[in-house]
Structures are given as C-alpha cells and as structure tokens.
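# Coordinate inspection notes
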Amino acid sequence: MRAITIHAPFDMRVEDVPDPAVRRPGDAVVRVLRSCICGSDLWAYRGEAARQPGQRIGHEFLGIVEDIGADVVGVRRGDLVVAPFMWSDGVCDYCREGLTTSCEHGGFWGSVGSDGGQGEAVRVPFADATLVGLPAEAASDDRLLAALLTLSDVMGTGHHAALGAGARPGATVAVVGDGAVGLCAVLAAKRLGAERIVALGRHEARTDLARRFGATDVVAERGEAAVEAVRELTRGQGAHAVVEAVGTEQSMRTAVNITRDGGAIGFVGVPHGSGTGLDLSVMFDRNIALRGGVAPVRAYIPELLPDILDGTVDPSPVFDLTVTLDGVPDGYRAMDERTALKVMVTG
C-alpha cells in the first residue's frame, strides 16, 4: 500500500510500505477514508521533533474496518469507525479513569514500528477499546465525514482545553491561538455555555471562523498589547477561563497575564521553545490554576459524537484545503506557510 513517510526536514514522500495485517487477536485493519495533517506534525516537518528517515506519520483518521482479529467483538468488517490519536487497551487503571493517553499499553500512530494515519490503511491494536463506530450513512456525506474526523484529535483536544480552563455557563473564556485546536476550543467553550468568548488571533480568515464558531470578541494584538486589550474587555479583571493552544513561551505568558484572579488555564499547545513562560509566584499570588496536557480524546468521543451527528456542533470548517495522498507534501508546505489552516486527506 502507499503511505506518507518523512525522511528529513521538509522531505515528505509518498512511498510503498508493507500492507498492514492482523498480528494479534485484538487487532483490526482499517482502510482509511479520511485523514489529515496536524499542526503538531509540523514540528517533525520542520526538523524540530526527531524522526527516523522513512518513519510513518499522521495520527488522525477514520475509515472502514477491513479485517479483525479473533478476539474483536466491538467492531465488524465493513463498519465505519474513527480512531483517536492514540490507541489504548481500555482496561488498565488509567483507561478506567478516563486518562487513555496514559494507557500502560497505549501508543501513538506514526511512532517507530507502527502505521501512520496518513496512508491507505492502518493496523489498530486493541481495536475494541480504541475504535468508535460511526453511522454507516456518514460514509457518503463529505461534510459529516470532515466533522467526524475532528473527533480523532482537534475537537477532543479543544474540548479538553475548555474543560481544563473551566469553561461554563456565565464564564468569560479567552482562547490564545487561532489554529484548528484553538478554533475547536471556541466551539467547545460555546457548547459548555460560556457567556463571552474572546479569540486571540491576527489572521482574518481564522478570526472570522472563530466568530462563526461562537467568539464574541477578537483581539489581534500580541504580547502586552494583547493583555491590555483583553483586560479592557473584562473590566480590568481578565477571563475566568483561558485556553492556551500554541505552546510557546510568549503564548503561555499571555495566557497567565489575561487570566482573572481565581481563574484557570487549560493548556494543550505542545510545548516547544526554551522555556514555559510560567511564573509560579504570579500564579500563586493570583490563585491561578493550570490544567491540561495531552487530551484523552478517546474518553470524549462518546460525549461529543451525538452533537456532531445532529449538527449542534460542526467543526468541519477547520478544514480549508483537501488533497489526495499524492498531494500531502504540498499540504504540509501549505500549513507550514500558513496558507492553509488544516489539510484533509482523501483516499
């Protein structure tokens, strides 16, 4: 089969790789209908996250079950399913507590020795615990497929951030970061009943989408100017709940400085750079809480799925460029150059 491999910074290739096959009784093989490129994939693309030459890549996909192992009972051949960005066994202590990303036997798609989501098919370990079934009729609905694909990562991650920040009815939420995760956090905050949502971003197409998703205010400034703007919107107090969806020192510093005393930051931006921007004495003095990390999206899919199926939540517009597998290298380039927000891959 064909799949995307990475060989060096900015060197993405479409290559023939071994067909996936059931190796263990709990495995399934899924033929990929839709996958996508994640902002976190760009760190490998730019050479800022180590990869072995020829390593597979991609961790967001949905598709059709082609084969199952002898112990699989939760899905059948022909089922349409979505996979979270990590596989998990569903039975360890962490999985039972809902923290599937800390599963004792879990792992990431695209890690050494595993299939990546950006390919024609994927072997899925622990299929019963990992895969979530979708309505068969969704396979013929392109918009719905796009919305469902976000459950593999960005919608669940945005939800995780909003929960960590304490988004709730009556609260003011501020979102630092106008990428797909930040925009999905806007959706999540609205879904959780936030009264006011401030989106921080400077790219008009993205902030327009933030407004469409429920943002009531947009702040285009950065750094201290952004802090002043948010505080002006909030009677000098800051936001009850702040989402940090970038991962840089500056973005975290901004998040801390726009959080209301007694508020919380939900951080899901993959940390990168020389520091964190955290000043614990400031957070201590102002009673600011910090929650977040790698989102256990498998635990959130059952909660979010009904709202996507009935149209209450529609994150599909985060995909603004669609390519075939052959076009994935160009898709990486478009996201790296910020001419695309998030790239979906078909076929």
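This one's a predicted model, so the numbers in the text were calculated from it and none came from an experiment. (Residues numbered from 1 in each chain as written. Predicted model: local features only at pLDDT ≥ 70, side-chain atom pairs only at ≥ 80, totals over all residues. Heavy atoms only, no water.)

To continue, consider the overall build of the protein. When helices and strands are tallied, the protein shows 12 helices and 18 strands. Over its C-alpha atoms the protein spans a radius of gyration of 20 Å, differing by no more than 12% from the 20 Å that the globule rule assigns to 347 residues. Residues counted as buried form 56% of the 347 residues belonging to the protein. Excluding contacts between residues fewer than 6 apart, the proportion of contacts in the protein whose partners are at least 24 apart in sequence is 70%. (Helix = DSSP H or I, 4+ residues; strand = E, 2+ residues; numbered from the N terminus. Rg over C-alpha atoms; globule rule 2.2 N^0.38 Å. Buried < 20%, exposed > 50% of the residue type's maximum accessible area, 1.4 Å probe, protein only. Contact = heavy atoms within 4.5 Å.)

Let us look at the sheet that holds strand β15 (residues 259-267). Strand order in the open sheet formed by six strands is β13-β12-β11-β14-β15-β16, with parallel pairing between adjacent strands. Two strands bound the open sheet, and with one partner strand each, they are β13 (217-219) and β16 (289-292). Each adjacent strand pair in this sheet contributes to an overall mean axis angle of 20°, direction not counted. Bridge count between strand β11 (residues 172-176) and strand β14 (residues 239-244): four bridges; the pairing is parallel. The partner of Ala174 across the bridge, within β14, is Val242. Packed onto the sheet, helix α9 (residues 249-257) meets β11, β12 (196-200), β14, β15 and β16 and runs at close to 145° relative to β15. (Pairing = 2+ DSSP bridges. Axes fitted to C-alpha atoms, helices over the stretch in contact; angles between N-to-C directions.)

Time to look at the side chain of Asp217. Structurally, the position occupied by Asp217 is in strand β13. With a relative accessible area of 14%, Asp217 lands in the buried category. Polar contacts involving the side chain of Asp217 include one to the side chain of Thr216, which spans 2.9 Å. Residue contacts for Asp217: discarding those within four places in its chain leaves Arg196, Ile197, Val198, Ala199, Arg211 and Leu233. (Polar contact = N/O pair within 3.5 Å; in protein donor to acceptor, adjacent residues only side chain to side chain.)

In summary, soluble globular proteins display a tendency toward joint burial of nonpolar side chains. Grouped together as the largest cluster of nonpolar side chains are 55 residues, with contacts concentrated most on Leu62, Leu80, Leu148 and Val318. In terms of residue count, helix α6 (residues 180-191) provides more of this core than any other element does, nine residues in total. Leu62 has contacts with Arg31, Val32, Leu33, Arg34, Leu80, Val81, Val82, Leu134, Leu145, Leu148 and Leu149, leaving out every residue within four places of it along the chain. (Core = buried A, V, L, I, M, F, W, Y, C linked by side-chain atoms within 4.5 Å.)

So, about the sheet that holds strand β1 (residues 2-8). Sheet architecture is open: three strands sit in the order β2-β1-β4, paired in antiparallel fashion. The open sheet terminates on both sides in strands that have one partner only, identified here as β2 (11-16) and β4 (55-56).

The next thing to look at is the side chain of Glu60. Tracing the backbone through its elements, the reader meets Glu60 in the loop between β4 and β5 (61-68). Side-chain polar atoms of Glu60 contact the side chain of Lys342, separated by 3.1 Å. Sequence-distant contacts of Glu60, that is, excluding residues within four places in its chain, are made with Arg34, Ser35, Cys36, Ile37, Cys38, Leu149, Ser152, Asp153, Val154 and Lys342.

With that settled, the discussion passes to the packing of helix α4 (residues 142-149) against helix α11 (residues 297-309). Taken N-terminus to C-terminus, the directions of α4 and α11 make an angle of 160°; their axes are 10 Å apart at the nearest point. With respect to their mutual orientation, α4 and α11 come out roughly antiparallel. Between α4 and α11 lies a crossing of right-handed hand. Packed against α4, whose contacting residues are Leu144, Ala147 and Leu148, the element α11 presents Leu305, Ile308 and Leu309 at the interface. (Parallel < 35°, antiparallel > 145°, perpendicular 65-115°, else oblique. Left-handed = near helix turned anticlockwise from the far one by under 90°.)

Turning our attention to the packing of aromatic side chains. Under the counting rule described, the total for this entry stands at five aromatic pairs. Ring geometry for Phe10 and Tyr45: centres 5.0 Å apart, planes at 80°, overall edge-to-face. Placement of the pair is Phe10 in the loop between β1 and β2 and Tyr45 in helix α1 (residues 41-45), with a sequence separation of 35 residues. Residues Phe85 and Phe108 carry aromatic rings whose centres are separated by 6.1 Å and whose planes lie at 15° to one another, so their mutual orientation is stacked. (Phe/Tyr/Trp six-rings, centres within 6.5 Å; stacked < 30°, edge-to-face > 60°.)

With four bridges connecting them, strand β17 (residues 321-324) and strand β18 (residues 343-346) associate as parallel partners. Residue Val323 lies in a different strand from β18, and its bridge partner there is Val345. The parallel pair β17 and β18, bridged by helix α12 (residues 328-336), forms a crossover whose chirality is right-handed. (Right-handed = clockwise from strand over helix to strand, strands pointing away.)

With that settled, consider the pattern of salt bridges. Per the counting criterion, the structure on display carries 19 salt bridges. Between Arg34 and Asp142 there is a salt bridge, with the nearest N and O atoms lying 2.8 Å from each other. With Arg34 in strand β3 (residues 28-36) and Asp142 in helix α4, the pair connects residues that are 108 residues apart, well separated along the chain. Using a relative accessible area of 13% as the deciding quantity, one classes Arg34 as buried. A salt bridge links Asp336 to Arg46, with the nearest nitrogen and oxygen atoms 2.6 Å apart. In this pair, Asp336 sits in helix α12 while Arg46 sits in the loop between α1 and β4, placing the two residues 290 residues apart along the sequence. Note on Asp336: relative accessible area 23%, which makes it partly exposed. Classification of Arg46 as partly exposed rests on a relative accessible area of 26%. (Salt bridge = Lys/Arg side-chain N within 4 Å of Asp/Glu carboxyl O.)

Here the focus is unusual backbone geometry. Leaving glycine aside, a negative phi is the common case for residues, and trans is the common case for peptide bonds. For Phe126, which is not glycine, the phi torsion reads 50° and is therefore positive. Secondary-structure assignment places Phe126 in the loop between β9 (121-124) and α3 (127-130). Non-glycine residue Arg338 carries a positive phi angle of around 60°. Secondary-structure assignment places Arg338 in the loop between α12 and β18. Given the relative accessible area of 41%, Arg338 is considered partly exposed.

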